[in-house]
Amino acid sequence: MELYLDTANVADVERLARIFPIAGITTNPSIIAASGEPLWDVLPRLQKAIGPQGTLFAQTMSRSAEGMVAEARRLRDAIPDIVVKIPVTAEGLVAIKALKKEGITTLGTAVYSASQGLLAALAGAKYIAPYVNRVDAQGGDGIRTVQELQTLLELHAPDSMVLAASFKTPRQALDCLLAGCEAITLPTDVAQQMLNTPAVESAIDKFEQDWKNTFGSLNL
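Within every chain, residues take consecutive numbers counted from 1 along the sequence as written. Predicted model: local features are reported for residues with pLDDT of at least 70 only, side-chain atom pairs are reported and counted for 80 or more only, and whole-chain, interface and lining totals are derived from all residues. As a rule here, side-chain values cover all heavy atoms of the structure and leave hydrogens and water aside.

Chemist: Lay out the nonpolar core in plain terms, naming residues and giving numbers.
Modeler: The nonpolar side chains of a soluble globular protein tend to be buried, and buried together. Cys176 and Ile184 are the most contacted members of the largest nonpolar core, which has 58 residues in total. A contact between two residues is defined here by any heavy atoms of the two lying within 4.5 Å. Sequence-distant contacts of Ile184, that is, excluding residues within four places in its chain, are made with Met1, Glu2, Leu3, Tyr4, Leu163, Ala164, Phe167, Ala173, Cys176 and Leu177. Think of a nonpolar core as a cluster: buried Ala, Val, Leu, Ile, Met, Phe, Trp, Tyr and Cys residues, connected wherever their side-chain atoms sit within 4.5 Å. Accessible area is worked out with a 1.4 Å probe on protein chains only. A residue is then buried under 20% of its type maximum, exposed over 50%, and partly exposed in between. Counting residues in hydrophobic clusters, the runner-up holds 11 residues, among them Leu107, Tyr127, Met161 and Ala165.

Below is the structure:
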């Protein structure tokens, strides 16, 4: 499976890349805006932070297919191996088809239903990003959407893969992986929650105290 961090905070990426086996970084316009840095400044810094083997994702802003394609080309020129995120709208599907012909890898984003995700995959998107928590917030079932999309891709678009997004808890992420997801992207706070369990520190404290009581130091 592939684990991504959903952030544009370069300091967080540099810190967490030492810890987590991340495959790359996903961003979106809101994440870039929250960073306070211009897109064209932050993308090279993020790429440097994850190294040459890491994959970087960035999203277009245009609403028209022509604009999306033009922006995707510009992103590709700036970061040759970038994956371009395209919202799965009618215009977005047109853009995904065009970019597939040009050899520009895309991710279909803002996916709220399995059928929407399947259309993006059939149009040529390599990655499909269902919004798990946002589906839940609208009264739907985000994990079921992921399960249905995963099955549809296995049956009808095996060259595409689910990259589940929009998580608020580690449990949501684990449920997606149990549903067969090959990739997830986590906000940094959710990624840290997967590791920062108070009981772990308590267990380590007990190990250290027992060792020190017997041997007088904390050295092996």
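Chemist: Outline the packing of helix 5 (residues 90–102) against helix 6 (residues 114–123), listing residues and values.
Modeler: Orientation is described by lines fitted to C-alpha atoms, with helices fitted over the stretch in contact, and by angles between N-to-C directions that extend from 0 to 180 degrees. In DSSP terms, a helix is any run of H or I states spanning at least four residues, a strand is any run of E spanning at least two, and both are numbered starting from the N terminus. Remark: helix 5 packs on helix 6, axes separated minimally by 8 Å, with the N-to-C direction vectors making an angle of 30°. On the basis of the axis angle, helix 5 is roughly parallel to helix 6. The hand of the helix 5/helix 6 crossing is right-handed. Where helix 5 approaches helix 6, its residues Leu93, Ile96, Lys97 and Lys100 are matched on the opposing element by Leu119, Ala120 and Ala123. All amino acids are sorted into three groups, where Ala, Val, Leu, Ile, Met, Phe, Trp, Tyr, Cys and Pro are nonpolar, Asp, Glu, Lys and Arg are charged, and the leftover types, Gly among them, are polar. Here the contact of helix 5 with helix 6 is composed, by residue class, of five nonpolar, no polar and two charged. Roughly parallel means an angle under 35 degrees; roughly antiparallel means over 145; roughly perpendicular covers 65 to 115; every other angle is labelled oblique. Crossing handedness follows the turn of the near helix against the far one: under a right angle anticlockwise gives a left-handed crossing, and clockwise gives a right-handed one.

Chemist: Any details on the environment of Ser115? Residues and values, ideally.
Modeler: Inspection of the secondary structure puts Ser115 in helix 6. Judged by its relative accessible area of 48%, Ser115 falls in the partly exposed class. For the pair Ser115 and Gly142, spaced 27 residues apart in sequence, the C-alpha to C-alpha distance is 13 Å.

Chemist: A description of the UniProt feature "active site" (unreviewed entry) in the chain should follow, citing residues and the corresponding values.
Modeler: UniProt positions are given in the numbering used here, feature names are shortened, and annotations may be inferred rather than shown by experiment. UniProt marks Lys85 with the feature "active site" (unreviewed entry), using the numbering shown here. For Lys85, the position within the fold is in strand 4 (residues 83–87). When near neighbours in sequence (up to four residues on either side) are disregarded, Lys85 contacts Thr27, Asn28, Phe57, Ala58, Gln59, Thr60, Leu107 and Thr109.

Chemist: Go over the pairing of strand 5 (residues 106–111), please, and point to the residues and values.
Modeler: Working note: regular strand, side chains alternate between the two faces of the sheet. For strand 5, the buried fraction is high: five of the six residues fall into the buried class. Relative to strand 5, strand 4 runs parallel, the two being bridged by four bridges. From the neighbouring strand, Val84 faces strand 5, where its bridge partner is Thr106. In the sheet, strand 5 pairs with strand 6 (residues 127–130) via three bridges, with the strands oriented parallel. Note: two strands are recorded as paired if DSSP finds a minimum of 2 bridges between them.

Chemist: Residues and numbers for the sheet that holds strand 8 (residues 183–186), please.
Modeler: Read around the closed barrel, eight strands run 1-2-3-4-5-6-7-8, paired in parallel fashion. Each neighbouring strand pair of the sheet contributes to a mean axis angle of 25°, computed without reference to strand direction. Here helix 8 (residues 142–156) sits on the sheet and contacts strand 6 and strand 7 (161–164); the angle it forms with strand 7, its principal contact strand, is near 160°.

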